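Spelled out, the chains give:
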Amino acid sequence: MSHILDYIMVPMQLIIVFFTLYYFTIAFFGMWRKKEDKILVPQKVFAVIIAAHNEETVIGQLLDNLYVLNYPRQLFDIFVVADNCKDETAEIARAKGAFVYERFNLEQRGKGFAMEWIFAKLFRLKRKYDGVVVFDADNLVHPNFLLEMNNRLCKGEKVIQGYLDAKNPHDTWIAGTFAISFWVVNHIWHLAKYNIGLSSVLGGTGMCIATDVLQEFGWGATCLTEDMEFTMKVLLKGIRTTWAHDAIVYDEKPLTFKQSWHQRRRWAQGHFDVASRYIPRLLYEGIRNQDMRVLDGVLHLLQPHFLIMSTTFVIMSYLNPTMHLYTDILYKVLPLEVWRIIIVGQYIFPVIILARVRANWKSWLYLVLYPLFVYSWIPITFVGYIHRNDRVWSHTKHTRSISYQDVVLLPSQDEYPKESFLSKQAAK
């Protein structure tokens, strides 16, 4: 029996050490930003796409916001995909001046299918666009968003993710801890990877894709996590997803744990689905081309598997009194002092990030509950694995109607002052 455990537990220890060191090391590269000379002259023409399913409560506020962006109005058009809507989403969007396309298809449900459908129509238009920008209907957008994406496209970047902020970080402890998790990931993961040349991952909203990439490779991403699927699809072609730290989009965070559970379970299901289809190809291409960006994509897709494995190991170590013989391996591979630094660092990083974004005092209170949010990923991931083949789309209802005038810019980016959208417009 001990020999069987050796074959199982020793490799598990080495995997735990590798993943822990790998991502802990990457996190350090998100503690600063590179100096950048930006191209601030608007040049690129954008198609702004909003996928909306029964979003009458919030769609108007986003459209009002988009019409006052710091970008020439003649250089972008707004398209709303009213996807299987039963409310007034389409009527509100038309009244606001957007190009509205109504789609009804109960067989192919979900944002991925809606995106595939609107892209096909977009490419048949006489007007040609340099890039496609995608927002969710519940979003609000920083006035400089398109200007920042213009800068990235002008520099040759093709697939770009913007900074995902929260428009309601102080509503409930769930929304608050959700917001903290996004701020932390924005820095120790997205920014860090951008700084060292690795690929980020699209976040479903606040993203920009060069039109020539879409036309050459197609969208073809229709699973529960269509953003991750497209990221891995183009990564196989050698196109990494880059990061625009100053292109800020404000996303509505769930208000209740039930909403958060359902949303994250869908993400976990989609993650396992994409992993099962893309890991073999990414691994082959990464090894064949000796491309660390592609191999890093493999590690990203393995993250939920790692969480399941490490959780299983911890449970076994508590159930079996002799498991201390195997946990000792961890301390032989890495000294106890190193593990202490890593454990402390996991709690220090969120504190550093909250200080950097100059978070509201409520966010500091929610930080106490942040570990509860983090560890709740464990049961969600297990459930996501069990239902990984279930591809039925579950819509997250958005009810937080906030106008852009009411949003105070959280200075998640060092270059922008803490002021409202309205004050910036009034200063023009």
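These numbers were taken from a predicted model, which means no experiment stands behind them.

Draft legend 1. Structural context of the pairing of strand E7 (residues 207-210). Taking every second residue as pointing to the same face, both faces of E7 are buried, with Met207 and Ile209 on one and Cys208 and Ala210 on the other. Looking at chain direction, strand E4 (residues 131-136) and E7 are connected through 4 bridges and run antiparallel. Counted as the bridge partner of Val132 is Ile209 from E7.

Draft legend 2. Spatial organisation of the packing of aromatic side chains. Enumeration according to the criterion identifies 25 aromatic pairs in this entry. Taken together, Phe18, Phe19, Tyr22, Tyr23 and Phe306 form an aromatic cluster joined through their ring pairs. When the ring centre of Phe76 is taken as origin, the NZ or CZ atom of Arg73, which lies over that ring, is 4.6 Å away. Of note, Arg388 hangs over the ring of Tyr385, and the distance from its end group to the ring centre comes to 4.0 Å.

Draft legend 3. Seen up close, the nonpolar core. Core analysis: the biggest nonpolar cluster contains 87 residues, and Ile49, Ile50, Leu66, Phe135 and Phe230 have the highest contact counts within it. Per-element accounting of this core gives the leading share, 9 residues, to helix H6 (residues 173-195). When sequence neighbours within four positions are dropped, the list of residues in contact with Phe230 reads Val159, Leu202, Ile209, Val213, Leu214, Gly218, Trp219 and Ala221. One finds Ile26, Val201, Tyr278 and Leu282 within the second-largest nonpolar core, a separate group that totals 27 residues.

Draft legend 4. The arrangement of helix H4 (residues 111-122) in detail. Along its 12 residues, H4 runs 16 Å from first to last C-alpha, staying within 8% of the 16 Å computed at 1.5 Å per residue. Those residues of H4 that fall on the buried side of the exposure criterion are Lys111, Gly112, Ala114, Met115, Ile118, Phe119 and Leu122. Looking straight down H4, one finds that the buried residues subtend no more than 155 degrees of arc, so they occupy a single side.

Draft legend 5. Representation of the pairing of strand E1 (residues 46-52) in the model. Most of E1 is tucked away, with 7 of its 7 residues classed as buried. Pairing of E1 with strand E2 (residues 76-83), which is carried by 7 bridges, proceeds in the parallel orientation. Residue pairing for E2: Val48 is matched across the bridge by Ile78. Direction of pairing for E1 relative to E4: parallel, over a ladder of 6 bridges. In the strand pairing of E4, Ala47 is matched with Val132.

Draft legend 6. Seen up close, the pattern of salt bridges. This structure, assessed with the given rule, holds 19 salt bridges. Linking Arg152 and Glu36 is a salt bridge whose minimum nitrogen-to-oxygen distance equals 2.6 Å. With Arg152 in helix H5 (residues 145-154) and Glu36 in the loop between helix H1 (2-28) and E1, this pair connects stretches of sequence that are 116 residues apart. Salt bridges linked by common partners bring Arg33, Lys38, Glu148 and Asp246 together as one network.

Draft legend 7. Representation of the sheet that holds E4. As summarised here, the arrangement of the 8 strands in space is E3-E2-E1-E4-E7-E6-E8-E5, forming an open sheet in which the pairing is mixed. Of all strands in the sheet, those bounded by a partner on one side alone are strand E3 (99-103) and strand E5 (140-141). Strand direction decides the pairing type here: E2 and E3, joined by 5 bridges, are parallel. Paired with Phe79 across the strands is Phe99, a residue of E3. Sheet contacts for H4: E1, E2, E3, E4 and E7; angle to E3, the most-contacted strand, approximately 125 degrees.

Draft legend 8. How the structure looks around the environment of Ala175. If you trace the backbone, Ala175 turns up in helix H6. As a C-alpha pair, Ala175 and Leu255 span 80 residues in sequence and 5.3 Å in three-dimensional space. Not counting residues within four places of it along the chain, the set of residues in contact with Ala175 comprises Asn168, Pro169, Lys253 and Pro254.

Draft legend 9. Local environment of the confidence of the model for the chain. With 82% of its residues at a pLDDT of at least 70, the chain reaches an overall mean of 86. Ranking the elements of the chain by mean pLDDT puts helix H17 (residues 421-426) last with 36 and E7 first with 98. When the criterion is pLDDT under 50, residues 408-428 qualifies, and its contacts beyond four places in sequence or with other chains add up to 59 contacts.

The rules behind these values
- Residues numbered from 1 in each chain as written.
- Predicted model: local features only at pLDDT ≥ 70, side-chain atom pairs only at ≥ 80, totals over all residues.
- Heavy atoms only, no water.
- Buried < 20%, exposed > 50% of the residue type's maximum accessible area, 1.4 Å probe, protein only.
- Helix = DSSP H or I, 4+ residues; strand = E, 2+ residues; numbered from the N terminus.
- Pairing = 2+ DSSP bridges.
- Phe/Tyr/Trp six-rings, centres within 6.5 Å; stacked < 30°, edge-to-face > 60°.
- Lys NZ or Arg CZ within 6 Å of the ring centre and 35° of its normal.
- Core = buried A, V, L, I, M, F, W, Y, C linked by side-chain atoms within 4.5 Å.
- Contact = heavy atoms within 4.5 Å.
- Expected span 1.5 Å × (residues − 1).
- Arc of directions from axis to C-beta.
- Salt bridge = Lys/Arg side-chain N within 4 Å of Asp/Glu carboxyl O.
- Axes fitted to C-alpha atoms, helices over the stretch in contact; angles between N-to-C directions.
- pLDDT = per-residue confidence, 0-100.

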